[in-house]
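# Notes for the structure review
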Amino acid sequence: MRDRRLHELRKLVRRGELPEDIVAELRSVVRKLVRLRLLPPVFAPYGQWNEEAADEIFSSWYTDRLLGRGHLQLLLDRASTAGAFRRIAEQSLRQHLLNARDRSQAQNLFHRLVGMFESDNEFALVRDANRPQDRWWCLTQAADTSEWGGQDERVLLSEAWALGEFAVIRYRADAKKLSPVLEVDELKRFVVGLLERVGAALTPRLIMRVLEQRFDLGEISYEELGAGAEDLEATSDVAGELALAETGRAIVAQLSQRQLEVLHRSDSGETIDHMAASLDCSVGTIVNEQRRVGEAITRMSETDSEREALLRIIRDLVYEADEGHE
Amino acid sequence: MSSTSCPALVDLFQQPLPESIESHVATCARCQALLRTQRERLSASSEQPETAELVRGTDVGPATIVLVAAADSDEILTAVVAKVGDEAVTVVPVSERVALAGEWDLLLDRDILGYEAMAELWNYGQVLPEQLVDVVAELSPEGWNEFTTLLRAVVAGGERPTRSHVGAVIIAGTDPRLMFQDEESERMRPYLEPNLALAGVATLGQLVAHRREELGLAADELEQVSLQRGWVEELERDALDIERVLQPTSLAALMKRLRIGASERLGQIAYTTIEAFRGQQGLHPGLAHFRQRRGYSGQPQGRDTARYVSEFLKELEKE
């Protein structure tokens, strides 16, 4: 695809047309990333990358995100060159895979939330109801609080955002529906923090609505869950060295040049102020970039040792390149 | 570290590498790392980049949604036009990250752009008219009404009106959406830079002095655009006979070194500077002719200066 065609496509797609060459271009982006092994192994639908896997993820990306959410138009609007289009498409694909993973694993949240309320002494039932999602719960230490009577759920969402960062999802190589969106401790920290900030009793339904929006999980149909949910304490294997190496490379591909530069400079003991001056950006940006690197690695690690191993692989990859350059 | 974005991965692994990507790789540890570890190389056809054809937005007006280009970026910004001024257009950037909407992000229905989005009213800024690539949509009268009400509140530091289609209020410094807003401010920066570079500048001398300091460039680095030496200092004092010392191509090269793009406003600044100098030398044709050539009314005088400025701008528009 050439730049001039990109400009035509932008208008054609906006008119509701779907030319074949744009579909072919997008399919080729997926196939090449799969063949180049530049996507983390954990995203492979059946545990390995092959043409079938490529077709499957193309199909879900194209259907759910590009057409379903209208992001094909977004990609075309944002790119001014064909090269930029491919780069933005790669980012979109990666984001789709992450979100799909988040949402598939979110189904456990309701079951875990209700289980936590019923088994943990820190929570007290304020008002019972037939369905578990309609029962009102508060903190035991504030058992005289009333039920939340607000109309605007955005108020709850504000309070949820105010709780700050949470470690979201730790993927493992064999993760299916068992990995939690939030680890047990983090889920409890979230619920306790929310109840404290709101100063009122809440139902699991309200808390789930907030979780859906705070972590962009889409709508969770918790009605279907409950007794059938799988055991959350399932064991996991540490991913093999090869898978880790591929994951490390995929993370490097996902990170920006500046993020890797920040990682390198941080390892060298350079101060944040100095980094900001050298890289012509603000101190806040450097801190953000450090967080982004940490998040990208954490998301792909099941354990602290995996995280360390991934960090080592990434450092080896990047520093070797740096030494070669020097 | 190179300032350009890394190429798409599928482009990074094509063979042979186009020159533009090869020069990027030479300075990018990330791309070097990826290339070195890659055993399976795919051959892909090498494409020569084409110059993006900018479509001048003739229908740009308040409430329209436009695409905005930046010289230093191959990505385009989608933005709502808030106001069209004589020299700059006030825009509000649009993002699709609606899950991160705050109280000053106006949510836009999917039927407007084809995807859910939000107008980041807190992140408004000014761009040059020449940066507008296309008009892609327009807010409804109701949407525009809500947009302007909110924008006025942002500008005046007032309270957000109730019942707006916005995100949840940010109530604590621990809110991770503040980090997203930092990133969005940074994303906006290259689009604002062309206008900022010209803001408050009346002459080419002021412009060059200001940008040279901002970019940390030495005078002799700039003088490489011409065979002559020692003229930058005179230029910065507006005491240089620009037409005599610098060919239009040299002045354009100087602007490129200073990362300043072609614009009507730059043309006016150049014209004013040259005419003022000529006036000091006893030749004073005035600004009128340049205005007429660029579409303004006035008496046709000073043809040489106008031609010089036109040639300079044409040269600067070239890649």
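In what follows, the accompanying structure is described. (Residues numbered from 1 in each chain as written. Chains lettered and ligands numbered in written order. Predicted model: local features only at pLDDT ≥ 70, side-chain atom pairs only at ≥ 80, totals over all residues. Heavy atoms only, no water.)

## Observations regarding the overall build of chain B
- Helix and strand counts for chain B come out as 14 helices and seven strands.
- Scored against the burial criterion, the 319 residues of chain B give a buried share of 50%.
- The contacts in chain B between residues at least 6 apart in sequence include a share of 62% that link residues at least 24 apart. (Helix = DSSP H or I, 4+ residues; strand = E, 2+ residues; numbered from the N terminus. Buried < 20%, exposed > 50% of the residue type's maximum accessible area, 1.4 Å probe, protein only. Contact = heavy atoms within 4.5 Å.)

## Describing the overall build of chain A
- A count of helical and extended segments in chain A gives 14 helices and two strands.
- Residue pairs at least 24 apart in sequence account for 69% of intrachain contacts in chain A once pairs closer than 6 positions are excluded.
- Summing over all exposed atoms, chain A offers an accessible surface of approximately 14,500 Å²; the carbon and sulfur share of this is 47%. (Areas by Shrake-Rupley, 256 points an atom, 1.4 Å probe, with all protein chains shown as cover.)

## Remarks on the interface of chain A and chain B
- Contacts between the two partners involve 68 residues from chain A and, on the opposite side, 66 residues from chain B.
- A per-residue breakdown of the area chain A buries against chain B is headed by Arg-78, Trp-161 and Gln-257 of chain A, which together make up 14% of the total.
- Connecting chain A to chain B are seven salt bridges.
- A salt bridge links Glu-186 of chain B to Arg-258 of chain A; the shortest N-O distance between them is 2.5 Å.
- Run the count over chain A and chain B and you get 23 residue pairs in polar contact (both at pLDDT 80 or more).
- With eight residues, the top contributor of residues to the side of chain A that touches chain B is helix 5 (residues 82-105) of chain A.
- A per-class count over the side of chain A that touches chain B returns 23 nonpolar, 16 polar and 29 charged. (Buried area = accessible area lost by both parts, 1.4 Å probe. Salt bridge = Lys/Arg side-chain N within 4 Å of Asp/Glu carboxyl O. Polar contact = N/O pair within 3.5 Å; in protein donor to acceptor, adjacent residues only side chain to side chain. Nonpolar A, V, L, I, M, F, W, Y, C, P; charged D, E, K, R; others polar.)

## Considerations on the nonpolar core
- Ile-22, Leu-26 and Phe-85 of chain A together with Leu-12 of chain B are the most contacted members of the largest nonpolar core, which totals 66 residues.
- Those residues within four positions of Leu-26 of chain A in sequence are excluded, and the remaining contacts are Phe-58, Trp-61, Tyr-62, Leu-66, Leu-72, Leu-75, Phe-85 and Ala-89 of chain A.
- Counting 42 residues, the second largest nonpolar core, distinct from the first, contains Leu-109, Trp-136, Cys-138 and Leu-202 of chain A. (Core = buried A, V, L, I, M, F, W, Y, C linked by side-chain atoms within 4.5 Å.)

## Things to note about the pairing of strand 5 (residues 117-120) of chain B
Residues and elements named next belong to chain B.
- On strand 5, burial covers both faces: Ala-117 and Ala-119 on one face and Met-118 and Glu-120 on the other are all buried.
- In this structure, strand 4 (residues 105-108) lies alongside strand 5, joined through four bridges in antiparallel fashion. Bridge pairing links Leu-106 to Ala-119 in strand 5. (Pairing = 2+ DSSP bridges.)

## Concerning the pattern of salt bridges
All names here are of chain B.
- This structure, assessed with the given rule, holds 45 salt bridges over all chains.
- Glu-193 is paired through a salt bridge with Arg-259; the nearest N and O atoms lie 3.7 Å apart. Separated by 66 residues along the polypeptide, Glu-193 in helix 6 (residues 177-198) and Arg-259 in the loop between helix 11 (248-257) and helix 12 (264-280) bring together distant segments of the chain.
- Using a relative accessible area of 23% as the deciding quantity, one classes Glu-193 as partly exposed.
- One network of salt bridges, in which partners are shared, links Glu-193, Arg-211, Glu-214 and Arg-259.

## Brief notes about the packing of aromatic side chains
- In total, this model carries eight aromatic pairs over all chains according to the counting rule given.
- For the ring pair Phe-58 of chain A and Tyr-62 of chain A, a centre distance of 5.3 Å and an interplane angle of 20 degrees mean the geometry is stacked. Taken together, the residues Phe-58 of chain A and Tyr-62 of chain A, both in helix 3 (residues 51-67) and four residues apart, mark about one turn of the helix. Of the two residues, Phe-58 of chain A and Tyr-62 of chain A, neither departs from the other in class, the shared state being buried.
- For the pair Trp-144 of chain B and Phe-147 of chain B, a centre-to-centre distance of 5.4 Å together with 20 degrees between the ring planes defines the contact as stacked. One end of the pair, Trp-144 of chain B, and the other, Phe-147 of chain B, are both in helix 5 (residues 141-156), three residues apart, so they sit about a helical turn from each other. (Phe/Tyr/Trp six-rings, centres within 6.5 Å; stacked < 30°, edge-to-face > 60°.)

## A closer look at helix 11 (residues 257-267) of chain A
Residues and elements named next belong to chain A.
- For helix 11, a buried count of eight out of eleven residues is recorded, marking the element as mostly surrounded by other parts of the structure.
- Those residues of helix 11 not exposed but buried are Gln-257, Arg-258, Gln-259, Leu-260, Val-262, Leu-263, His-264 and Arg-265.
- Downstream of helix 11 by a residue or two, Gly-269 has a phi angle that is positive, lying close to 80 degrees.

## Overview of helix 6 of chain B
Residue and element names in this part refer to chain B.
- In this model helix 6 runs 32 Å from its N-terminal to its C-terminal C-alpha over 22 residues, within 8% of the 32 Å that 1.5 Å per residue would give.
- Residues of helix 6 that are buried include every one of Arg-177, Met-179, Phe-180, Gln-181, Glu-184, Met-188, Tyr-191, Leu-192, Asn-195, Ala-197 and Leu-198, and no others.
- Of the residues flanking the end of helix 6, it is Gly-200, one or two places downstream, whose phi is positive at about 70 degrees. (Expected span 1.5 Å × (residues − 1).)

## Concerning the side chain of Arg-177 of chain B
- You can see Arg-177 of chain B is positioned in helix 6.
- Relative accessible area serves as the criterion here: at 0%, Arg-177 of chain B is assigned to the buried category.
- Among the polar contacts made by the side chain of Arg-177 of chain B, one reaches the main-chain carbonyl oxygen of Ala-168 of chain B at a distance of 2.7 Å.
- Those residues in contact with Arg-177 of chain B, other than ones at most four positions away along the chain, are Ser-158 and Trp-161 of chain A together with Leu-100, Ala-101, Gly-102, Ala-168, Val-169 and Ile-170 of chain B.

## Topic: unusual backbone geometry
- The phi angle at Asp-280 of chain A is positive, at roughly 55 degrees, despite the residue not being glycine.
- Position of Asp-280 of chain A among the secondary structure elements: in the loop between helix 12 (272-278) and helix 13 (283-299).
- The class of Asp-280 of chain A is exposed, set by a relative accessible area of 57%.
- One non-glycine residue, Asp-238 of chain B, adopts positive backbone phi at about 55 degrees.

## Structural notes on the environment of Gln-290 of chain A
Residue and element names in this part refer to chain A.
- The residue Gln-290 is located in helix 13 in this model.
- On the basis of relative accessibility, which here comes to 29%, the residue Gln-290 falls in the partly exposed class.
- For the pair Gln-290 and Leu-139, spaced 151 residues apart in sequence, the C-alpha to C-alpha distance is 35 Å.
- Once residues within four sequence positions are removed from consideration, Gln-290 is found in contact with Val-262, Ser-266, Ile-272 and Met-275.
- Within the local environment of Gln-290, its side chain forms a polar contact with the side chain of Ser-266, the two groups lying 3.0 Å apart.

## Some points on the packing of helix 13 of chain A against helix 6 of chain B
- Between helix 13 of chain A and helix 6 of chain B, the shortest axis-to-axis distance is 10 Å and the interhelical angle comes to 115 degrees. Crossing angle aside, the handedness with which helix 13 of chain A passes helix 6 of chain B is left-handed. Contacts between helix 13 of chain A and helix 6 of chain B involve Thr-285, Asn-288, Arg-291, Arg-292 and Glu-295 of chain A from the first element and Met-179, Asp-182, Glu-183 and Glu-186 of chain B from the second.
- Here the residues of the contact of helix 13 of chain A with helix 6 of chain B sort into one nonpolar, two polar and six charged. (Axes fitted to C-alpha atoms, helices over the stretch in contact; angles between N-to-C directions. Left-handed = near helix turned anticlockwise from the far one by under 90°.)

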